[in-house]
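Topology and contacts: notes
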Protein chains: 2
Amino acid sequence: MLHRARTDPNFKLEDLPGSGGRMDIFCRFIVSSLLTSHGIRRDTVVYGVLLGPPNPPVAIKVLGDTVRYLNPDERSTGALIRNALFKMKRLSYNADTWMRSSPGVMFKRAGLKDILEELTNENFNIYYLKEDGEDIRTANVSLPAAFVISDSVDLTNDEEELVLGYSSGVLSLGPLSLYSEHCVVIIHNELDRRYSHFLKE
Amino acid sequence: MLHRARTDPNFKLEDLPGSGGRMDIFCRFIVSSLLTSHGIRRDTVVYGVLLGPPNPPVAIKVLGDTVRYLNPDERSTGALIRNALFKMKRLSYNADTWMRSSPGVMFKRAGLKDILEELTNENFNIYYLKEDGEDIRTANVSLPAAFVISDSVDLTNDEEELVLGYSSGVLSLGPLSLYSEHCVVIIHNELDRRYSHFLKE
C-alpha cells in the first residue's frame, strides 16, 4: 500500500521521495523483495497499490520470474515504475486487467480490494503485518503466502478491516517497527530458512 | 568494506552505482543500519572503508546518536557521504584521526586494519559475516558487537585473514546470500529480539 505514491509519470527520478510521493519506498521494496546477492527470487511477485494523485488507484505488479532491467539502486527501479505509468497514461488505460509495460512489469486500474480478491482467487494465504501480531518465527505460514505491508503510513481503519476480512493471520516481525522494505527482508529470511530447498535461484 | 567506492567527491548523485563505484550500496547500508520506521538507532555506528579510486583508503563513520539530515532515500544519503569527501579533499586531509563533516558524519584516512584496531581498542567483539558461519539465531553474540560485512564483492583472502585475526566468531544469517544492506536488517532483528528492552529509541 503506497498511500501517497504518484499515479502518473510526472515525478522526477532525482526526487522520488518528494515529487514521487515516497515512490522511493516502493523502489526499495521491489528490490528487497526480488533481488538477492547472486540472483533473483523467481518465486516472488510484488504488488503495489498506488493511491497518490492524480488518478488513484493504480496497481503495479513486478514478477520475479520474468522481470528484466531490475537493478538494486532506487533510481533505475523508479524508472521501471515511471515507464509503466507513462504507458498507462499514453493509453488512457482504465481497465482492471493487467497490461505489460516492460518484461515482468505490469499495471492496471485496481485498488486494494481488487488485489486481495485476485490473490484469494489464486489460493494465496494472505497475512497482514502488524506490530501486535503473532511472531513470524513461531507462526504457521502456509504457502503460497501473500503479505500485506503498508508504507510509511499505517493502513486506514477501513483498509485494515478489508485486509482482515481476507487474511489468514496477523504476523509480527520483532519488537521494533521497521520500514516496509526491511520487513520483507525478515519475511524472506524466515521463509528461506523453512523452505529454501524448494527455491530455484 | 566498499571495494570500489569512490574516494573523492567526483561522482554524481544521479549515478551512485556507476560514477560512485557502487556508492548506492553504502547509502542503503547506512539507512538499514540506522533508521527504523519511527526513529533512529542511537546505539549503532556504521563504519565504511572505501577502497575505490583515486585515493584509497578512506574511512567514513556515521553515528546514530548524533547524525542529522539522514533520510531513508539513497540520494540524500549519497549527498552526506559526498559532502564528507568534499571536505576531505578541500582540506587535503590525510590524518588517521576522525574529522567531522556534518553532525554525526566523520571521515579519516584509514583502512580495514585501522578500523579493526580501533574497534578492538574500544572492546568491541568483532563478528565476520559469511555464508558458512554459525547460525546467528543460535550463536552467542556478546555486546558490544561489531559486524564486518563486504559489499557486492567478497573480501579478498588477505582481508579475510585480517578480519579473522580480530574476530570473535563467524556468523551466517540464512541459506541465501543477501545484499549487505539486507544482512544488517537481519542482524538488527536478531539483536532487537534479544536486547530491545535496553534500546533507547
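Look up a bit, the structure's there.
Here we summarise the structure given alongside this text.

About the cut-offs
- For every chain, the first residue of the written sequence is number 1, and numbering continues from 1 along that sequence.
- In the order they appear in the text, chains get letters beginning with A and ligands get numbers beginning with 1.
- Only residues with pLDDT of at least 70 get local features here, since the model is predicted, and only at 80 or more are side-chain atom pairs given and counted; chain-wide, interface and lining totals rely on the full set of residues.
- To obtain the side-chain values, all non-hydrogen atoms of the structure were used and water was disregarded.
- One speaks of a salt bridge when a side-chain nitrogen belonging to Lys or Arg is within 4 Å of a carboxyl oxygen belonging to Asp or Glu.
- Helix and strand assignments follow DSSP, with helices taken as H or I runs no shorter than four residues and strands as E runs no shorter than two, numbered in order from the N terminus.
- When accessible area is computed with a 1.4 Å probe and restricted to protein chains, residues below 20% of their type maximum are described as buried, those above 50% as exposed, and intermediate ones as partly exposed.
- In this analysis, two residues are considered to be in contact whenever any of their non-hydrogen atoms come within 4.5 Å of each other.
- Once two parts are put together, the accessible area they lose, assessed with a 1.4 Å probe and summed over both, is termed the buried area.
- Any N or O atom pair separated by 3.5 Å or less is treated as a polar contact, with the protein-specific requirement of one donor-capable and one acceptor-capable atom, and with residues adjacent in sequence counted only for side-chain atom pairs.
- Under the convention adopted here, Pro, Cys and the residues Ala, Val, Leu, Ile, Met, Phe, Trp and Tyr are nonpolar, Asp, Glu, Lys and Arg are charged, and Gly plus all remaining residues are polar.

**A closer look at the pattern of salt bridges**
One pass over the full model with this rule turns up 28 salt bridges over all chains. A salt bridge links Glu190(B) to Arg137(A), with the nearest nitrogen and oxygen atoms 2.6 Å apart. On the criterion of chain membership, the pair formed by Glu190(B) in helix 5 (residues 180-195) and Arg137(A) in the loop between strand 7 (125-135) and strand 8 (145-148) is interchain, its members lying in two chains. Residue classification places Glu190(B) among the buried residues on the basis of a relative accessible area of 4%. With a shortest N-O distance of 2.9 Å, Arg194(B) and Glu190(B) are connected by a salt bridge. Residue Arg194(B) and its partner Glu190(B) are located together in helix 5, separated by 4 residues, close to a single helical turn.

**A look at the interface of chain A and chain B**
With 36 residues of chain A at the interface, the matching set in chain B holds 36 residues. For the pairing of chain A and chain B, the buried interface totals around 3400 Å² over both sides, and the portion due to carbon and sulfur atoms is 55%. Remark: the boundary between chain A and chain B carries 4 salt bridges. Between chain A and chain B we count 19 residue pairs in polar contact (both at pLDDT 80 or more) in total. Among the elements of the structure, helix 1 (23-34), strand 1 (35-36), helix 2 (74-90) and helix 5 (180-195) of chain A are those that each provide at least two residues to the side of chain A that touches chain B. For the side of chain A that touches chain B, the element with the highest residue contribution is helix 5 of chain A, accounting for 7 residues. Partitioning the side of chain A that touches chain B into residue classes produces 13 nonpolar, 9 polar and 14 charged.

These values are about where atoms sit, not about what they do.
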